[in-house]
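Residue-level listing of the chains:
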Amino acid sequence: MVQNARRKALTLALAGTALMMVSAAKAQGALVLYCSVQEEWCRPMANAFEKETGIKVSMTRKSSGETYAQIKAEASNPRGDVWWGGTGDPHLQAAEEGLTEAYESPKMAELHDWALRQWKGSQGRTVGIYAGALGFGFNTKQVASRGIPEPKCWADLINPKLKDEVQVADPNSSGTSYTMLATLVQLMGEDKAFDYLKALHKNINQYTKSGAAPAKATSLGETTVGITFMHDMVTMVVNGGPVKVVAPCEGTGYEIGSMSIVKGARNLDNAKKFYDWALTPAAQKLAEEAKSYQVPSNKNVIPPPQSPKLADVKLIDYDFAKYGSSAERKRLLSKWDNEVKKLPK
Amino acid sequence: MRPSTRLLYLLAWCGFGLLPWYFTEGMGLASLGWLSGYPFGKGGSALALGLSGAAPWLLPGGAMLLMAGLAWPKQDEQRAASILLLAGAAGFLLFFMQGFAITLRGQGIPWLAALFGGQGAAQAGMGPGALVTIVGMLLLFCHGLAYRGFCRGDVFTCSMIGLLILMIGLFIFFPVVTVLKGALIGEAGRVDPGAFLDRFLDSSIWGLGCLTRDVSCGVAWNTLLLAVLCGAITTLLGLASALLILRTGMPAKWLLRALTVLPIITPPFVIGLALILLFGRTGLVSNFLYEWFDVPRTRWIYGLPGVLLAQVLAFAPIAFLVLIGVVQGISPSLEEASQTLGARRWETFSTVTWPLLRPGIANAFLIGFVESMADFGNPLVLGGNFEVLSTKIFFAVVGAAHNEGQAAVLALVLLSFTLGAFWLQQRWLGKKSYTTLTGKGDAGLPTPLPRRVSWLASATVIPWVILTVVIYVIILTGGFVKSMGRDYTPTLEHFLTGFRIDFSRGLYFEGAAWDSFFTTVKLAAVSAPLTAIVGLLAAYLLKRQTFQGRAALEFSTMLSFAIPGTVIGVAYILAFNVPPIEMTGTGLILVIAFIFRNMPVGVRSGIAGLSQIDKSLDEASATLSARSATTLWRVLLPLLRPALVAALVYSFVRAMTAVSAVIFLVSAEYNLATAYIVGRVEAGEFGLAIAYSSVLIVVMALGIAIIQFGVGERRLGRRTTESGPAPVVAGA
């Protein structure tokens, strides 16, 4: 890495303090971080931790599904130390399969209840670091041109006037969409939820692969309504898209972005240091600067003003233990495949 | 022993007695801390470690090396051959067996480890010493074969075949078998043929519902349909452009040439993005049609039409590169002979030119077909509800279902399609000869195309050219406006985010994209020449040498091409994350993945090129007592320049634009441009993604120019004008 070497050489030459930092980094060892939120958030996290502790962080950013697959593939010879961020289900699955390590941080007392529930549900193997509610967004121009009232509830999305105008990810490939499936089942009861999904199927123009893709499509006007996590839609609003974010009136589910320590981590002590640090208010404030509008798990952090206020959203009592388990997930997914996806439009 | 064998023998001892046997962390020439305690310790040599009792399981292989030495003084080649064959094979196997038997603690093969006297022991991955020794043992074995008269007694050929088989076995078969094993393993983690059948016969793979009802068909049929269409259309476009450039007086040939190169050097996703910005429901063209002609806005681009369009734009140039070499190589004198005998232009084209084009057509189609099957980026962006195998495999691995068994089964289906296509191609070409380049001077002039063919070719190529131009206008302007499709305020913001350089404190690469950019360029530059060497060497061995199992070897060179990148990525992680071969997280694994993924194009274009070169050239060289290495270097390589360019360009570009294979292999230290761009697309930052892509396009264009300039053109002795000078002697 040419520029790294150059960078190092430069800092060494210019500032004596840099020399101390580099040697401090050597003394403190290293940390391999798997990061599953977007790059803009991963990078400052790694840099801030490096600055604060002198531990050299090697960070790889991959989606939570990819990271889970990688940790599983590397299980016999782990490379990563900490897996930070990404939706909670793969973290729970890794915990269930014993791919991650149990740890109790001294910061636990500062966390919201939902973050602790994630920790207890996984026998201490994963902890909540942020939460985001499920919802949908609509393109204001498209809605106006269609002359339909603004959708406010789940029930509004099966309006026949929205035929081919709703986009959501395929629950087989996206955790976001699986959250929707599980939410509806908990909200309406399984039979009614599948009736609803069958009705919704007629309005779906595309089951995308990635969970956040419908947000972009909504912002560009490629679809009128997109079902995603609300904070993904908020990002589109902040970027100037003609999008309005909706918290469904019947109530909705949420994800808990999580953090786990990889079992057999080569730098276990540093992994624990990162874990503790990532739960502090200072670390969690970095989200806002990175344009990420989830709700942080430390009670002492004031959520960014643009964030959907969880207090205003009607949240269901989401059963992460049940709907995060492999058996229930497989059952619901194959039921969805057979009863919904195979239906003619 | 011949002198070359003696040299080899000494080298093998070097590996066993001197070089560090294991691969240790922090290994490098910058700091030598890992060498402490040499020749013992972590960086110790096999001989020292074996004799001191630290790793006694290395000794049996060493004994075989010692035994091979018995052949040293032997004048009688047959006696020497027996010793080399026995010792080489035994040593090679012993070294590998101990490597797989003794790995990490609690893994490996316990009973075999006990047999080697290493029960409960652990060892690190193999390092330079192991590499040199094991390759040495293999080559000693190959020399033994040559002494016995294999490969007409040629040591070089025998050794190269041995090396090729070793590399293909290690870097293609081993990982692929590792991952495909998963197809047979049921939920419980045991071998379960029932589960395999259930998964294999699933209606989501083979369903034919789309023929009768309004549901989607099985993913296997979708993929097959897409690949056949893509192969056919890309071949047609490639052929049409090659004929237009070489056989007509068409104006603005340079434009066509430039345009055929552009899509190859475009990172994935970008063409898809541009197509959405053009033809999406709110795209520029859709808006125009709606406002002026009241054509309703639809989302036709999402699905088969969109994916096909993007793939044709992306892969037709590869067909062109393959075909232009072939069209160029067709001897004009054959066509002149046909015309002298009174045939009209069309008759000449259909009875002489067309049949000679067949190897090129078959190869171009095969590449288009296989590329489409393995393509990942375009179906991801434009697929809509049209599912194909490659994306389905990816999401079976990383998606919410995490079903690796299903992924393995789908990979098996994909593999059988590509291999089937390969087999059909072989049958179609048959055993005919397509030789047109001979040692004799060729004074013919290329026949111009018959008029109907050139009209047809223009009619196919021109719309394609227009579409390509429009797409590149979008791509190149997209980086300079705030938000393509919504806000056209000019800005440099995207480039600054990615590529800001701070001069205030000397040269400081501040932009977010520099890290991945430098890594990508470096790895591409390293892997391209290696890929070309391996590919052309394989083509030479397959086409010019006869040995048992040649067809099987040819088949296996295509294998890695047939497997979608995602599967290769997972396979490489599973296979190379643990000793004996441990290299995840290094740049090496990326380079090797690139070499063995991109090698098939080198092989195909090399074979297509070689089928045109008359064997009498090799024979003439051999008669003048040149060795096969010399013939390859001095006679064939200069004539193979188009194939060399194709292989170099393709592998350089592919290394810079690969996504699916590397997405599992990138690490913190070795992040790649494409992985970065995918992240930007995911985050909805189309501006930065497009800006980065246009920078990559410029870099790749430069790279291709350097390759073209460095390799040079193939010089064939052909007249260029009617009034040209007297016939020139052929051959470069």
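### Concerning the interface of chain B and chain A
Between chain B and chain A, the contact holds 60 residues from the first and 62 residues from the second. If you look at where chain B meets chain A, you find two salt bridges. Linking chain B with chain A are five residue pairs in polar contact (both at pLDDT 80 or more), by the criterion used here. Those elements that place two or more of their residues in the side of chain B that touches chain A are helix 18 (389-398), strand 4 (508-509), helix 22 (514-544), helix 24 (565-576) and helix 29 (673-682) of chain B.

### Details of the pairing of strand 8 (residues 225-229) of chain A
Residue and element names in this part refer to chain A. Summarising burial for strand 8: five of the five residues are buried, a large majority. Examined bridge by bridge, strand 5 (residues 126-139) and strand 8 share five bridges and lie antiparallel to one another. Bridge assignment links Phe138 to a residue of strand 8, and that residue is Val225.

### Some details on a positive patch on the surface
All names here are of chain B. On the surface, Arg152, Lys543, Arg550 and Lys615 cluster together into a patch of positive charge. Among the secondary structure elements, Lys543 is positioned in helix 22. By relative accessible area, Lys543 is classed as partly exposed at 34%.

### As for the nonpolar core
Proteins that are soluble and globular tend to have nonpolar side chains buried together. Formed by 243 residues in total, the largest nonpolar core has its most connected members in B:Leu275, B:Ile471, B:Tyr572, B:Leu590, B:Phe664 and B:Tyr692. A per-element tally of this core places helix 14 (residues 304-329) of chain B first, with 16 residues. Leave out the neighbours within four places in its chain, and B:Tyr692 touches B:Phe499, B:Ala513, B:Ser516, B:Phe517, B:Ala673, B:Tyr676 and B:Ile677. Ranked by size, the runner-up nonpolar core spans 80 residues in total, among them A:Leu197, A:Met259, A:Ile316 and A:Val340.

### Remarks on the state of the cysteines
Residues and elements named next belong to chain A. Inspection of every chain in the model, using the stated rule, returns two disulfides over all chains. Bridging Cys35 to Cys42, the disulfide has an S-S length of 2.0 Å. The sign of the S-S torsion, about -90°, decides the handedness of the disulfide formed by Cys35 and Cys42: left-handed. Cys153 shares a disulfide with Cys249; S-S distance 1.9 Å. Its S-S torsion of approximately 120° makes the covalent link between Cys153 and Cys249 right-handed. Of this pair, Cys153 sits in the loop between helix 7 (140-146) and strand 6 (166-169) while Cys249 sits in the loop between strand 9 (243-246) and strand 10 (254-262), placing them 96 residues apart in sequence. Assessed through its relative accessible area of 38%, Cys249 is described here as partly exposed. In chain A, the cysteines engaged in disulfides, taken in order along the sequence, are linked 1-2, 3-4.

### Focus on the domain arrangement of chain A
Interface size is commonly expressed as the accessible surface area that is lost when the partners come together. All names here are of chain A. In terms of domains, chain A is made up of domain 1 (2-131 + 256-308) and domain 2 (133-254 + 324-341). Across the contact, 13 residues belong to domain 1 and 13 residues belong to domain 2. When domain 1 packs against domain 2, the two sides together hide about 1200 Å² of surface, and 56% of this comes from carbon and sulfur. For the domain 1 face of the interface with domain 2, the top three residues by lost area are Asp89, Tyr293 and Pro308, together amounting to 35%. Linking domain 1 to domain 2 there are one salt bridge. Among the salt bridges present, the one from Arg329 reaches Asp89, with a minimum N-O distance of 3.8 Å. Linking domain 1 with domain 2 are one residue pair in polar contact (both at pLDDT 80 or more), by the criterion used here. If you list the elements that add at least two residues to the side of domain 1 that touches domain 2, you get helix 5 (88-96) and helix 6 (113-121). With four residues, the single largest contributor to the side of domain 1 that touches domain 2 is helix 5.

### With respect to the packing of aromatic side chains
This model, assessed by the stated rule, comprises 39 aromatic pairs over all chains. The interplanar angle of 80° and the centroid separation of 4.9 Å between the aromatic rings of A:Tyr103 and A:Tyr275 together place this pair among those described as edge-to-face. Placement of A:Tyr103 in the loop between strand 4 (100-101) and helix 6 and of A:Tyr275 in helix 12 (residues 268-278) is noted, with a sequence separation of 172 residues between them. We note that A:Tyr103, like A:Tyr275, is buried. Each residue in the set B:Phe92, B:Phe96, B:Phe100, B:Phe171, B:Phe174, B:Tyr572, B:Phe576 and B:Phe596 is aromatic and connected to the rest through ring pairs, giving one cluster. Residue placement shows A:Arg329 over the ring face of A:Tyr178; its charged tip is 4.7 Å from the ring centre. Stacked on the ring of A:Phe194, the Lys or Arg A:Lys335 has its end atom at 4.6 Å from the ring centre.

### What about empty space enclosed by the protein?
All names here are of chain B. For the coordinates displayed, the defined rule picks out 10 cavities of 30 Å³ or more. In this structure, the largest cavity occupies an estimated 430 Å³ of space. Taken together, 27 residues line the largest cavity, and the ones lying closest to its centre are Pro268, Phe315, Asp375, Arg654 and Thr657. The set of elements that each furnish at least two residues to the lining of the largest cavity consists of helix 12 (270-279), helix 14, helix 16 (345-374), helix 17 (377-382), helix 25 (587-610) and helix 28 (641-657). Taken together, the residues that form the lining of the largest cavity break down as 17 nonpolar, six polar and four charged. Within this model, the second largest cavity holds a volume of roughly 130 Å³. If you go around the second largest cavity, you meet 15 residues; those closest to its centre are Gly325, Ser605, Gly609, Pro642 and Ala643.

### With respect to the pattern of salt bridges
Scanning the entire structure with this criterion turns up 17 salt bridges over all chains. With a shortest N-O distance of 2.9 Å, A:Lys335 and A:Glu190 are connected by a salt bridge. Taken together, the residues span a long stretch of sequence, with A:Lys335 in helix 16 (residues 326-341) and A:Glu190 in helix 9 (residues 190-203) at a distance of 145 residues. Look at the salt bridges and you will find they share partners, linking A:Asp170, A:Lys341, B:Glu387 and B:Lys392 into a network.

The rules behind these values
- Residues numbered from 1 in each chain as written.
- Chains lettered and ligands numbered in written order.
- Predicted model: local features only at pLDDT ≥ 70, side-chain atom pairs only at ≥ 80, totals over all residues.
- Heavy atoms only, no water.
- Contact = heavy atoms within 4.5 Å.
- Salt bridge = Lys/Arg side-chain N within 4 Å of Asp/Glu carboxyl O.
- Polar contact = N/O pair within 3.5 Å; in protein donor to acceptor, adjacent residues only side chain to side chain.
- Helix = DSSP H or I, 4+ residues; strand = E, 2+ residues; numbered from the N terminus.
- Buried < 20%, exposed > 50% of the residue type's maximum accessible area, 1.4 Å probe, protein only.
- Pairing = 2+ DSSP bridges.
- Patch = residues over 30% accessible without salt bridge, like charges linked within 9 Å, V, L, I, M, F, W, Y side chains within 5 Å.
- Areas by Shrake-Rupley, 256 points an atom, 1.4 Å probe, with all protein chains shown as cover.
- Lys, Arg positive; Asp, Glu negative; His and termini not counted.
- Charge placed at Lys NZ, Arg CZ, Asp CG, Glu CD.
- Core = buried A, V, L, I, M, F, W, Y, C linked by side-chain atoms within 4.5 Å.
- Disulfide = S-S within 2.5 Å.
- Domains from an automatic or database assignment.
- Buried area = accessible area lost by both parts, 1.4 Å probe.
- Phe/Tyr/Trp six-rings, centres within 6.5 Å; stacked < 30°, edge-to-face > 60°.
- Lys NZ or Arg CZ within 6 Å of the ring centre and 35° of its normal.
- 1 Å grid on protein atoms, 1.4 Å probe; cavity = no way out; pocket = protein on both sides within 12 Å on 5 of 7 lines; lining within 4 Å.
- Points joined across faces, edges and corners; volume = space filled by probe spheres on them.
- Nonpolar A, V, L, I, M, F, W, Y, C, P; charged D, E, K, R; others polar.

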